[in-house]
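Residue-level listing of the chains:
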Amino acid sequence: MTDDHRAAAARLLEAYASGRPCEPVRDLVDGLESAYTVQSLLTERWLGEGRRLTGRKIGLTSEAVQRQLGVGSPDFGALFADMAVPDGQEIPAGAVLQPRAEAEVALVLERDLPHERHTVADVIAATAFALPAIEVVGSRIRDWDITLADTVADNASSGLYVLGTRPVLLREVDLRLAGMVMERRGEQVSTGVGAACLGHPLHAAVWLADTLAVLGQPLRAGDTVLTGALGPVVPVRPGDVLEARIDGLGDVRAAFAAAEGETT
Ligand SMILES: C=C/C=C(\O)C(=O)O
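Quick caveat, the model's predicted, so the values are computed rather than measured. (Residues numbered from 1 in each chain as written. Predicted model: local features only at pLDDT ≥ 70, side-chain atom pairs only at ≥ 80, totals over all residues. Heavy atoms only, no water.)

**Student:** Even after reading the chapter, I still don't get the overall build of the chain, so can you show me in this structure?
**Tutor:** Counting secondary structure elements, the chain contains six helices and 13 strands. Its C-alpha atoms give the chain a radius of gyration of 17 Å, near enough to 18 Å, the size a compact globule of 264 residues would have. C-alpha atoms of the chain, sized along the principal axes, occupy 50 × 50 × 35 Å. Residue burial in the chain is summarised as follows: out of 264 residues, 53% are buried. Taking as baseline every contact in the chain between residues at least 6 positions apart, the subset at least 24 positions apart corresponds to 74%. In the structure as shown, the chain presents an accessible area of about 11500 Å², 49% of it carried by carbon and sulfur atoms. The chain carries 24 positive and 37 negative side-chain charges, and their two centres are separated by 2 Å. (Helix = DSSP H or I, 4+ residues; strand = E, 2+ residues; numbered from the N terminus. Rg over C-alpha atoms; globule rule 2.2 N^0.38 Å. Buried < 20%, exposed > 50% of the residue type's maximum accessible area, 1.4 Å probe, protein only. Contact = heavy atoms within 4.5 Å. Areas by Shrake-Rupley, 256 points an atom, 1.4 Å probe, with all protein chains shown as cover. Lys, Arg positive; Asp, Glu negative; His and termini not counted. Charge placed at Lys NZ, Arg CZ, Asp CG, Glu CD.)

**Student:** It is not clear to me how the pattern of salt bridges should be interpreted in this structure. Could you clarify?
**Tutor:** A pair can form between side chains of opposite charge whenever their charged atoms are brought close. On inspection of all chains with the given rule, the structure shows 13 salt bridges. Glutamate 23 is the salt-bridge partner of arginine 142, the closest N and O atoms lying 2.8 Å from each other. Separated by 119 residues along the polypeptide, arginine 142 in the loop between strand E6 (127-137) and helix H5 (148-153) and glutamate 23 in the loop between helix H1 (3-18) and helix H2 (32-48) bring together distant segments of the chain. Relative accessible area serves as the criterion here: at 37%, arginine 142 is assigned to the partly exposed category. Arginine 140 serves as the salt-bridge partner of aspartate 154, at 2.8 Å between the closest nitrogen and oxygen. Taken together, the positions of aspartate 154 in the loop between H5 and strand E7 (160-163) and arginine 140 in the loop between E6 and H5 put the pair 14 residues apart, joining distant regions of the chain. Using a relative accessible area of 1% as the deciding quantity, one classes aspartate 154 as buried. Here arginine 140 falls in the buried class, since its relative accessible area comes to 2%. One connected set of salt bridges, linked through shared partners, spans Arg26, Asp145 and Asp150. (Salt bridge = Lys/Arg side-chain N within 4 Å of Asp/Glu carboxyl O.)

**Student:** I'm lost on the site of the ligand in this one. Help?
**Tutor:** Taken together, 14 residues form the shell around the ligand, and within it Lys57, Leu60, Val65, Glu102 and Ala229 come nearest. Residue glutamate 135 places a side-chain N or O atom 3.4 Å away from an oxygen atom belonging to the ligand. The protein chains hide 99% of the 260 Å² of surface that the ligand would expose on its own. Considered class by class, the residues forming the shell around the ligand number seven nonpolar, three polar and four charged. (Near = heavy atom within 4 Å. Polar contact = N/O pair within 3.5 Å; in protein donor to acceptor, adjacent residues only side chain to side chain. Nonpolar A, V, L, I, M, F, W, Y, C, P; charged D, E, K, R; others polar.)

**Student:** Could you clarify how one ought to interpret the UniProt feature "domain: Fumarylacetoacetase-like C-terminal" (unreviewed entry) in the chain in this entry?
**Tutor:** On the UniProt side, "domain: Fumarylacetoacetase-like C-terminal" (unreviewed entry) is annotated at positions that read residues 76-255 here. Within the segment residues 76-255, helix and strand shares are 15% and 37% respectively, and the terminal C-alpha atoms sit 25 Å apart. (UniProt positions renumbered as here; feature names shortened; annotations may be inferred.)

**Student:** How do you make sense of H1 when you look at a structure like this?
**Tutor:** Because each turn of an α-helix spans 3.6 residues, side chains separated by three or four positions in sequence point in the same direction. Helix length check: H1 (16 residues) gives 22 Å between terminal C-alpha atoms against 22 Å at 1.5 Å per residue, within 8%. Looking at H1, one finds that the buried residues are His5, Ala8, Ala9, Leu12, Leu13 and Ala15. The buried residues of H1 all sit within an arc of 155° when viewed along its axis, so they share a single face. Away from its buried face, by an angle of more than 90 degrees, H1 presents the exposed residues Asp3 and Ala17. The distance from a side-chain oxygen at the start of H1 to the backbone nitrogen of aspartate 4 is 3.3 Å, and the residue carrying that oxygen is threonine 2. Phi turns positive, to about 75°, at glycine 19, one or two residues after H1. (Expected span 1.5 Å × (residues − 1). Arc of directions from axis to C-beta.)

**Student:** Explanation requested: the sheet that holds strand E12 (residues 241-246) in the structure shown.
**Tutor:** Read across the sheet, five strands follow the order E4-E13-E12-E8-E9 without closing on themselves; strand pairing throughout is mixed. Whereas interior strands pair on both sides, the edge strands pair on one side only; in this sheet they are strand E4 (90-91) and strand E9 (187-193). (Pairing = 2+ DSSP bridges.)

**Student:** Help me understand the packing of H1 against H2 in this model?
**Tutor:** Geometry of a packed helix pair, given as the angle between the helix axes and the separation of the axes. With their axes 9 Å apart at the nearest point, H1 and H2 run at an angle of 55° to one another. By the angle between their axes, H1 is oblique relative to H2. Crossing angle aside, the handedness with which H1 passes H2 is right-handed. Between H1 and H2, the contacting residues are His5, Arg6, Ala8, Ala9, Leu12, Leu13 and Tyr16 on the first element and Ser34, Thr37, Val38, Leu41, Leu42, Arg45 and Trp46 on the second. Across the contact of H1 with H2, the residue classes tally to nine nonpolar, three polar and two charged. (Axes fitted to C-alpha atoms, helices over the stretch in contact; angles between N-to-C directions. Parallel < 35°, antiparallel > 145°, perpendicular 65-115°, else oblique. Left-handed = near helix turned anticlockwise from the far one by under 90°.)

Below you can see the structure in the form of structure tokens.
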């Protein structure tokens, strides 16, 4: 760990604290490993503040999002209990900096995934159930001017996440063929399918499980895994109500508070 890593972490933490986006951190981060070192600094700090790790998110799994953000490989970030918003509960204005929303498949594990190389069968055997999810991503970096290094350092642009409430067993759903539609007050704003997520959301989960095991931080029983967007990410405006429906998994809703002085 270097002074540059500490400076990058401090820049991101200042953006969180002030609510004002910061300049990119890529000038302080030399490559992917270095970016994950900055992310780890943030994670360690948040754990030290008593936040509870609830799992991980995978990002940049779909070509649509990779094109939108101009970055070309998956990444991961940490999820904490205070980032989980109950289905349909209003999300306060300003809770996430520069919020955007995406619909995805969440997996909840009932077994550890400790190996350096997992199979899809390992992931299926370790999964208790799947849920539909909306991830509210955000960026501490001004205007989302991000490279892969910036988003990795910035906890994979994590914000909040909303999980549906009807658990579905993997044997009851074909996640590859599962279509997704996300609507903003009845208007279609994003569509996609499970196959858009690295070919299959379970492939994304295998990538994450292997990557974390190699890093010595394996996925554990009880973890939630957000497997990555199934379709394009959409900007969020105050007062938005977004509803995502995923075939076989059902629906989930993210409701955003109106800006002060506005009613919806
Ligand atoms: C910037 C964040 C992207 C994701 O979370 C995703 O592609 O799922």
